[in-house]
Amino acid sequence: MKPSQVSRPSSSKKLPLKFNAFEKRVLAFGTEQTLWHKNDTLVLALSGGADSTALLHIFLTLAHKENFRLVIAHVNYGLRGTESSGDASFVEGLATKYSLPFHLLTVKKTDRKKDEASLRAIRYDFFSQVLKKEKATAVVLGHHKDDQAETFLLRLLRGSGATGLQAMQPKRDFYIRPFLFATRKEIRHYLTSKSIPFRNDSSNIDTRYLRNKIRHELIPLLENDYQSNITNILADTALRLSETPVASLKTLSLSVLEKKNSLTFSLAELLALPSSTRLVFLRSILSELLPYPISQSLSREIEKALKSTKNKVSQVSFRGLKITKKGATVTLQKISLD
C-alpha cells in the first residue's frame, strides 16, 4: 500500500507567538525530554480526534518559537464507512487551512484487518514512509497519560510479563509523545478553552472492545471505589517497570550482530536459555526493530518457528518482520508491509 500525497507549501500560516498554560507545559516537557530541536521537520500523526487535533494546534504555536516545518499524515482504514471518510476530509481540511503538506493512506478493503496489532503495523509502516519522504526528524503521536494507564491494564489482563507492562516512552527511535505528562481531561480542556472543533470516533464507545471496556467501565470503577488517583498510579507503575534493565539480557546472554534494520544471533545460544528468559530476550530485541510493542502471543509464535526442525533454511514473516533461520544463525529483519 502506497500513501498518496497532496502537496502544500511547507510553511504554516503565521500565528501570534503567545503560549497559554498548557502550551507552556508541552514546551517544557519537550525541552526536558529533548523530544525535538530547532528547525526540525515533524510529521504529525492526525486522526482528527481530540488528542491529535490538540497536537496540531499546539505545534502550530510552538513552530514559531522552534522554527518547525510541520507535515500531516492520516490513515483512513475505512472501517466506519462515511465516518472514516469524514475524518479524512476533516484532517485534509486542516492541512489546507494551515498550508501544510498532507499525506493520506487509504487502506484497501482487501487489506483491512480489525485486530489492533495489524492496524498498528499498517499505521507505523505508513508513518515510516512519510518520515523518509519528507526527510523528517520525528513522527509526533498524541498518546497521553490515560492511554498509558489503559495500555498497562490491557496488557495486564492479557497476561503480559514485566517487559510487556513497561510504559510508552516520550521518545523512542523516530517517534515522540509530547502529551505523556497530560491527562485526557486536560487535553479536552485545552480544546474547549480555544473553541477548537474535532471529530468523535464512534468506535471509541463500543465496549465490545477490551480497551474501551477498560476505559469506560474498569478505570471509572477503580477511580470511584478504590483509588481516585488510579490513572497516575498506573502510568507511574508502567514507567517504573521501564527502568528495569531487561535490555541487559541481550548483552549478557547472547552475542548479537546488529546491522541496519536487522539483528543476527546464534540459534543454539537462544534455545539454550530458560524458556522465560528466552521469551524476554525475544521481546527485547524485537522492540529494537519495530516501533510498536510485540504481543506475548506473537513472540511465542516466533519462538515456535525458530524451534522448528523441519528445514535447515526457512523464512517466516510476521507483521513487518522477516525471520530467516539458516544453519546455526537466525536473522530478524524489519520489512515493509507493501
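Below: a short report on this structure. In this text the structure is predicted, and so the values were computed from the model without any measurement.

**So, the packing of aromatic side chains**
Under the defined criterion, the tally for this structure stands at 10 aromatic pairs. With a centroid separation of 5.6 Å and 40 degrees between ring planes, the pair formed by Phe22 and Tyr190 is classed as tilted. Pair noted here: Phe22 is in helix 1 (residues 21-32) and Tyr190 is in helix 6 (residues 184-193), with a separation of 168 residues, a long-range link. No difference in accessibility class separates Phe22 from Tyr190, as the two residues are buried. When the centroid spacing of 5.2 Å and the interplanar angle of 40 degrees are considered together, the rings of Phe29 and Phe181 count as tilted. With Phe29 in helix 1 and Phe181 in the loop between strand 7 (175-176) and helix 6, this pair connects stretches of sequence that are 152 residues apart. Classification of Phe29 by relative accessible area gives buried; the value is 13%.

**Observations regarding helix 8 (residues 230-242)**
The end-to-end C-alpha separation of helix 8 is 18 Å, in line with the 18 Å expected for 13 residues at 1.5 Å each. Among all positions of helix 8, only Ile230, Thr231, Leu234, Ala235 and Ala238 are buried. Looking straight down helix 8, one finds that the buried residues subtend no more than 130 degrees of arc, so they occupy a single side.

**Looking at the nonpolar core**
Formed by 43 residues in total, the largest nonpolar core has its most connected members in Phe22, Trp36, Leu56, Phe59, Leu62 and Leu70. Secondary-structure elements contributing two or more residues to this core are helix 1, strand 2 (41-45), helix 2 (50-66), strand 3 (69-76), helix 3 (82-97), strand 4 (102-106), strand 5 (138-140) and helix 6. With nine residues, the top contributor of residues to this core is helix 2.

**Remarks on the sheet that holds strand 11 (residues 321-326)**
Judged by pairing direction, the sheet is antiparallel, and its five strands sit side by side in the order 8-9-12-11-10 without closing on themselves. Sheet topology places strand 8 (256-259) and strand 10 (313-318) at the edges, where each strand pairs with a single neighbour. Direction aside, the axes of adjacent strands within the sheet are offset by 15 degrees on average. Where strand 9 (residues 262-266) and strand 12 (residues 329-334) come together, five bridges link them in antiparallel fashion.

Reading guide: rules and limits
Residues numbered from 1 in each chain as written. Predicted model: local features only at pLDDT ≥ 70, side-chain atom pairs only at ≥ 80, totals over all residues. Heavy atoms only, no water. Phe/Tyr/Trp six-rings, centres within 6.5 Å; stacked < 30°, edge-to-face > 60°. Helix = DSSP H or I, 4+ residues; strand = E, 2+ residues; numbered from the N terminus. Buried < 20%, exposed > 50% of the residue type's maximum accessible area, 1.4 Å probe, protein only. Expected span 1.5 Å × (residues − 1). Arc of directions from axis to C-beta. Core = buried A, V, L, I, M, F, W, Y, C linked by side-chain atoms within 4.5 Å. Pairing = 2+ DSSP bridges. Axes fitted to C-alpha atoms, helices over the stretch in contact; angles between N-to-C directions.

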